[in-house]
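Listed below are the residues making up each chain.
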Amino acid sequence: MPVRSITEAWLDNPNVAPGLYWAKSPLGLGCRVGKTGTKAFLLQRHGGARITIGRWPEMGLQAAKERAVSHGDGLTRRAGTLAEAFAQWAEEVPPDTAKIREQQMRKHMAEWWDRPLTKITKTALQRIKKDIESPWVARDVISLHGTVWRYVTDEPWPGRNVRQPKKPPKSQRKRRRIEDREAWATEIRRRSPHPDMWIFIALTGLRRGDICRMRWEHLRDGWLHIPTPKMGEAFDIPLCRRSRAILDARPRVGEWVWPYRSGFKAPSGMPGAHQLRHIYRSVAESVAEAPFPIVARLMDHRERRGSTDLYGEDYDTPERLMHWAERIGDAVAAEYGLL
């Protein structure tokens, strides 16, 4: 609901859109405009209760302001609780956005949801931010609280300058690694509803986004066309016989190769596609002994190394790319016990 300066000229305007408008001052005074153009003054009491105090033009603007001032002790907020404030803000955003944001706030600010808005202090917001594991989620939750706060009141938001929790040093961060690669292959078959997809990622080293966007029409004679890669320029990569066999065994239902969105999230506690990509590169260079330009081409890397890496061989021919894709695929399959 918008906050504006309610003036006599605005009240005289017959073309004001229907809705509920809040005066910038005094706090708690509002005007509801009906679909037929009627205008009624109301007061928002502390705790969320609203009362209609008169209709315009029977009650003038000055009289409405004086009535609001006389009830000033009960008009400290336009919304009593965080839930009420959020409900008012949610009326102005798309339903899908409101639903997602409400789930987010209920999850991370559950203990404050039905408590008075004025009780949420800077110290409380700092604690909430610290308790949220992801710094990006913490930032979104605190920012959303500020948005809702400013929507229902002009008073200073207590969350200003709430500091972002410091990240632990990289040496102390927990990373999900694959210590035993054969055990990973066994575990992914047991726990994932789509093990063929994860094994395909391990064999190709493709990015998660490229996997998400794979269509059947992108497969051409053993090659995969990637039209919208991360680096921006479309390219084709050869698929080894093992990865082609995975695709041949899949039913062609619809246009997408991997149509299930939930399948792109690794089972709890297991590494995702990015870690498999790291292993693919390590095996390609250290086990299959593939030249760096070949690995960079197959993985769509833009990393540059010494100029000597580029001497003496034409690396970009289809035949050589397919040869190395097969050799790397065999080495990766041996690492994961897929032979």
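Residues numbered from 1 in each chain as written. Predicted model: local features only at pLDDT ≥ 70, side-chain atom pairs only at ≥ 80, totals over all residues. Heavy atoms only, no water.

J.: How would you explain the sheet that holds strand β6 (residues 219–220) if you had to name every residue and give the values?
T.: The three strands are arranged β6-β7-β8 in an open sheet whose pairing can be described as antiparallel. Each edge of the sheet is formed by a strand with only one pairing partner; in this case those strands are β6 and β8 (235–238). Sheet analysis places strand β7 (residues 223–226) next to β8, joined by four bridges and oriented antiparallel. Its bridge partner lying in β8, I226 is registered against F235. (Pairing = 2+ DSSP bridges. Helix = DSSP H or I, 4+ residues; strand = E, 2+ residues; numbered from the N terminus.)

J.: Requested: an account of helix α8 (residues 195–204), with residues and values cited.
T.: Within α8, eight of the ten residues are buried, which leaves the element mostly enclosed by the surrounding structure. Of all the residues in α8, the buried ones are M197, W198, I199, F200, I201, A202, L203 and T204. On its buried face, α8 sits against α7 (181–191), α9 (208–212), α10 (241–248), α11 (273–286) and α13 (318–335). Immediately beyond the C-terminal end of α8, within one or two residues, lies G205, with a positive phi of roughly 70 degrees. (Buried < 20%, exposed > 50% of the residue type's maximum accessible area, 1.4 Å probe, protein only. Contact = heavy atoms within 4.5 Å.)

J.: Pulling in residues and values, what's your account of the pairing of β7?
T.: Covered by surrounding structure in β7 are W223 and H225 together with L224 and I226, the residues of both alternating faces. Here two bridges tie β6 to β7, and the two strands are oriented antiparallel to one another. Residue pairing in the sheet places L219 in a bridge with L224 of β7.

J.: Residues and numbers for the nonpolar core, please.
T.: Counting residues in hydrophobic clusters, the biggest one holds 50 residues, and the most contacted among them are W184, W198, F200, I211, M214, W258 and Y336. A total of seven residues in this core trace back to one element, the largest contributor, which is α8. In this structure, F200 is in contact with L206, I211, M214, L239, S243, I246, L247 and W258, ignoring residues within four places of it in sequence. Grouped together as the second largest cluster of nonpolar side chains are 27 residues, A85, F86, L144 and Y151 included. (Core = buried A, V, L, I, M, F, W, Y, C linked by side-chain atoms within 4.5 Å.)

J.: Describe the side chain of T81, listing the residues and the values that go with them.
T.: Here T81 shows up in the loop between α2 (61–70) and α3 (82–90). Judged by relative accessible area, which is 16%, T81 ranks as buried. Contacts of T81, omitting those with residues within four sequence positions, involve W113, D114, R115, P116 and L117.

J.: Account for helix α5 (residues 122–131), naming residues and giving values.
T.: Every buried residue of α5 is listed here: A124, L125, I128 and K129. Looking straight down α5, one finds that the buried residues subtend no more than 135 degrees of arc, so they occupy a single side. Opposite the buried face of α5, at more than 90 degrees from it, the exposed residues are T123, K130 and D131. Considering only its buried residues, α5 is in contact with α4 (95–108) and α6 (135–152). (Arc of directions from axis to C-beta.)

J.: How would you summarise the pattern of salt bridges if you had to cite specific residues and measurements?
T.: Scanning all chains against the criterion turns up 16 salt bridges. As a salt-bridge pair, D131 and R127 come within 3.9 Å of each other at their nearest N and O atoms. Here the residue D131 and the residue R127 both occupy positions in helix α5, the gap between them amounting to four residues, near one helical turn. Using a relative accessible area of 55% as the deciding quantity, one classes D131 as exposed. (Salt bridge = Lys/Arg side-chain N within 4 Å of Asp/Glu carboxyl O.)

J.: Explain the packing of helix α12 (residues 292–299) against α13 residue by residue, including any values.
T.: Contact geometry of α12 with α13 gives a least axis separation of 11 Å together with a crossing angle of 85 degrees. By the angle class used here, α12 and α13 are roughly perpendicular. In this structure, α12 uses I294, R297 and L298 to contact α13, whose residues at the interface are L321, W324, A325 and I328. Of the residues assigned to the contact of α12 with α13, the class counts are six nonpolar, no polar and one charged. (Axes fitted to C-alpha atoms, helices over the stretch in contact; angles between N-to-C directions. Parallel < 35°, antiparallel > 145°, perpendicular 65-115°, else oblique. Nonpolar A, V, L, I, M, F, W, Y, C, P; charged D, E, K, R; others polar.)

J.: Give me the environment of A290: which residues, what numbers.
T.: When you line up the elements, A290 lands in the loop between α11 and α12. Sequence separation between A290 and R327 is 37 residues, and the spatial gap between their C-alpha atoms is 8.4 Å. Excluding residues that lie within four positions of it along the chain, A290 makes contacts with A284, E285, V295, W324 and I328.

J.: Provide a residue-level description of the packing of aromatic side chains, including the pertinent values.
T.: Overall, the coordinates contain five aromatic pairs when judged by the stated rule. On the basis of an interplanar angle of 70 degrees and a centroid distance of 5.1 Å, the ring pair of W10 and Y21 is categorised as edge-to-face. Of this pair, W10 sits in helix α1 (residues 8–12) while Y21 sits in strand β2 (residues 19–23), and the two are eleven residues apart along the sequence. Here W10 matches Y21 in class, with each residue buried. Pairing W184 with Y336 gives two aromatic rings, centres 5.0 Å apart and planes at 55 degrees, and the pair type is tilted. Highlighted residues: W184 in helix α7 and Y336 in the segment after α13, separated in sequence by 152 residues. Residue classification places W184 among the buried residues on the basis of a relative accessible area of 4%. A relative accessible area of 1% means that Y336 is categorised as buried. In textbook terms, an aromatic cluster arises when at least three aromatic residues are bridged by ring pairs, as seen for F86, W89 and W113. R115 extends its terminal NZ or CZ atom over the ring of W112, reaching a point 4.2 Å from the ring centre. Of note, R215 hangs over the ring of W256, and the distance from its end group to the ring centre comes to 4.0 Å. (Phe/Tyr/Trp six-rings, centres within 6.5 Å; stacked < 30°, edge-to-face > 60°. Lys NZ or Arg CZ within 6 Å of the ring centre and 35° of its normal.)

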